[in-house]
Amino acid sequence: MSTATLSIDLDAIAANWRALDKASASGVQTAAVVKADAYGLGITRVARALAQAGARRFFVAVTEEGATLRQVLGPGPQICILSGHMAGDTDMIGDLDLTPMLNSLDQVTRHIESLPGHAFGVQLDTGMNRLGMEEPEWEAIAPFVLEAGPELLMSHLACADDPDHGLNETQLATFLAMTNGTGVPRSLAATGGILLGAKYHFDLTRPGIGLYGGRPYEAARPAVTLSLPIIQTRDVAAGEAVGYSCAWVAEAPSVVATLSAGYADGLPRTLSNNAVLWDGDTPCPLIGRVSMDLITVDISHLQQVPRYLDIIGPNQTVDELADIAGTIGYEMLTSLSARYIRRYYEGTA
Ligand SMILES: *Cc1c(COP(=O)(O)O)cnc(C)c1O
């Protein structure tokens, strides 16, 4: 079998959720963000594990993800849609009991007219300039919207991964000004916001990346191992080149392994001649260009040819690999190939 294996530790994900839940006071609810197929790890198994760990409210980006998640979880858990109530979403929202976070007067009107009495939340823009109602718009329609009974008022921090960034306090002050006195439950913090401390927690937190072992939650348990099978090895003489554009030339006689995964699988070309793979605790340099479906690795120093090498695992986290590639853990995770065989571990804790 030449397909790479992505091993996902559901116990680690559940433990990360519990730890982030404990990071806020007992009256604060902890949701779970499972958009983009649970950050690439597979929403079916991940959401079930999180529900088992105690999560009762889930966030996804778009309504179609919400529909999938409702099938996974069955009735009961609340499923919130961050993009709100778009044209064409009404039947899914109504039939599957999804809760849109309304982002504009347009969405409020659509929701209240098409599904009167159906649950909703409101997303407020406190300075990120991305999604949600800004202060003047909110002030104008708040009495009307509050009358309709929103379940949640939420906003999102732009710089929560940087505790010293001045925008955090500014957004907090704006959020307070926009929501004080409403009596409606509030939510401001994702993973980064949880780590900023109690005044950012309000009634509900919304961690995503921290559940999956990524920065800025440094204390997270890693949840992912990515093992790439070796398809073939060859001896390369000094002076011979390997791969596209002859981007690597052997300085000495070398043993080169060809592994099954490439940029089509979410390993960016910026890893070319740059990354390290691991045979247990022994590092092996990636050499030459990353191809669409293949990479090449120098294994001259290994005693035996192993069946596979790890590119994410105990010796190299998702964030460390992302650093090498010049990106972030979020992008690394959500780019993980649909081709990988996802193997789930649980019950070992
Ligand atoms: C993605 C997202 C989250 C989760 O963020 P993390 O940084 O992954 O914890 C929370 N809230 C909103 C609005 C988001 O878009």
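Residues numbered from 1 in each chain as written. Predicted model: local features only at pLDDT ≥ 70, side-chain atom pairs only at ≥ 80, totals over all residues. Heavy atoms only, no water.

**A closer look at the side chain of serine 291**
Part 1 of the argument: Checked against the element boundaries, serine 291 lands in the loop between β16 (282-287) and β17 (294-298).
Part 2 of the argument: Setting aside its immediate chain neighbours within four residues, serine 291 contacts Tyr244, Gly262 and Tyr263. (Helix = DSSP H or I, 4+ residues; strand = E, 2+ residues; numbered from the N terminus. Contact = heavy atoms within 4.5 Å.)

**Overview of the site of the ligand**
Part 1 of the argument: Lys35, Tyr39, Thr191, Ile209 and Tyr330 are the nearest of the 15 residues found near the ligand.
Part 2 of the argument: Within the side chain of arginine 130, one N or O atom sits 3.5 Å away from an oxygen atom of the ligand.
Part 3 of the argument: Coverage of the ligand by the protein chains reaches 91% of its 390 Å² of free accessible surface.
Part 4 of the argument: Residue composition of the shell around the ligand, by class: eight nonpolar, four polar and three charged. (Near = heavy atom within 4 Å. Polar contact = N/O pair within 3.5 Å; in protein donor to acceptor, adjacent residues only side chain to side chain. Areas by Shrake-Rupley, 256 points an atom, 1.4 Å probe, with all protein chains shown as cover. Nonpolar A, V, L, I, M, F, W, Y, C, P; charged D, E, K, R; others polar.)

**Observations regarding the packing of aromatic side chains**
Aromatic rings in a pair are described by how distant their centres are and how their planes are angled relative to each other.
Part 1 of the argument: Applying the stated criterion across every chain, the model contains three aromatic pairs.
Part 2 of the argument: With a centroid separation of 4.8 Å and 35° between ring planes, the pair formed by tyrosine 39 and tyrosine 212 is classed as tilted. Separated by 173 residues along the polypeptide, tyrosine 39 in helix α2 (residues 35-39) and tyrosine 212 in the loop between β10 (204-205) and β11 (224-236) bring together distant segments of the chain. As far as the burial class goes, tyrosine 39 and tyrosine 212 line up, both buried. (Phe/Tyr/Trp six-rings, centres within 6.5 Å; stacked < 30°, edge-to-face > 60°. Buried < 20%, exposed > 50% of the residue type's maximum accessible area, 1.4 Å probe, protein only.)

**Notes on the domain arrangement of the protein chain**
Frequently, the measure chosen for interface size is the accessible area that the parts lose on association.
Part 1 of the argument: Under the domain assignment used here, the protein chain contains domain 1 (10-212) and domain 2 (224-345).
Part 2 of the argument: Using only C-alpha atoms to locate each centre, domain 1 and domain 2 end up separated by 37 Å.
Part 3 of the argument: Counting residues at the interface gives ten residues for domain 1, matched by nine residues for domain 2.
Part 4 of the argument: Both sides of the domain 1 and domain 2 interface together cover about 900 Å² of buried area, and 66% of this is carbon and sulfur. (Domains from an automatic or database assignment. Buried area = accessible area lost by both parts, 1.4 Å probe.)

**With respect to the nonpolar core**
Part 1 of the argument: Counting residues in each nonpolar core, the largest one holds 79 residues, and the members touching the most others are Leu50 and Tyr212.
Part 2 of the argument: Tallying contributions element by element places helix α3 (residues 43-53) first for this core, with seven residues.
Part 3 of the argument: Looking at which domains feed residues into this core, each of domain 1 (10-212) and domain 2 (224-345) supplies at least three.
Part 4 of the argument: Residues contacting leucine 50, with those up to four places away along its chain left out, are Ile13, Trp17, Ala32, Val34, Ala55, Phe58, Leu211 and Tyr212.
Part 5 of the argument: Counting residues in hydrophobic clusters, the runner-up holds 20 residues, among them Ile141, Ala142, Phe175 and Met178. (Core = buried A, V, L, I, M, F, W, Y, C linked by side-chain atoms within 4.5 Å.)

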